[in-house]
Amino acid sequence: TAESEALGIKQAFFPMENGGFIEIVAPMNDESAVGRAIESRGEGLHTMAMEVDDLDATVKDLEEKGVKLIGVGGPQVFIHPKSANGILVQLSPKK
């Protein structure tokens, strides 16, 4: 487990066999981003991260389908929660 005062969260990481991990996050206070998210949406799944074979092609396909994206042109792109049933989806290129 770890704490990040800067982000206002406590974290626990659970490694998976494929090199991925599950991260559990809890707010240290109600003013943190996670605390505000829980206050407005309730507890539950907040973010899901996935690796994709071709980030640029994935972004293009999602944009053509009208999916709202955050961070296009960066090293990772997020599907806005409004386009993913309230869950922030992080897309990163496979390593």
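These numbers were taken from a predicted model, which means no experiment stands behind them.

Caption draft 1: Structural detail: the overall build of the chain. Looking only at helices and strands, the chain has 2 helices and 7 strands in total. Principal-axis analysis of the C-alpha atoms places the extent of the chain at approximately 40 × 30 × 20 Å. Within the chain, buried positions represent 25% of all 95 residues. For the chain, restricting intrachain contacts to residue pairs at least 6 apart in sequence, the fraction spanning at least 24 positions comes to 28%. Of the roughly 7,100 Å² of accessible surface on the chain, 53% is carried by carbon and sulfur atoms. Charge separation in the chain, taken as the distance between the mean sites of 9 positive and 15 negative side-chain charges, equals 5 Å.

Caption draft 2: Structural detail: the side chain of S4. Here S4 shows up in strand β1 (residues 2-4). If near-sequence neighbours (up to four positions away) are discounted, S4 is found in contact with I9, Q11 and M28.

Thresholds applied
Residues numbered from 1 in each chain as written. Predicted model: local features only at pLDDT ≥ 70, side-chain atom pairs only at ≥ 80, totals over all residues. Heavy atoms only, no water. Helix = DSSP H or I, 4+ residues; strand = E, 2+ residues; numbered from the N terminus. Buried < 20%, exposed > 50% of the residue type's maximum accessible area, 1.4 Å probe, protein only. Contact = heavy atoms within 4.5 Å. Areas by Shrake-Rupley, 256 points an atom, 1.4 Å probe, with all protein chains shown as cover. Lys, Arg positive; Asp, Glu negative; His and termini not counted. Charge placed at Lys NZ, Arg CZ, Asp CG, Glu CD.

As far as function goes, none of this settles anything; it's purely spatial.
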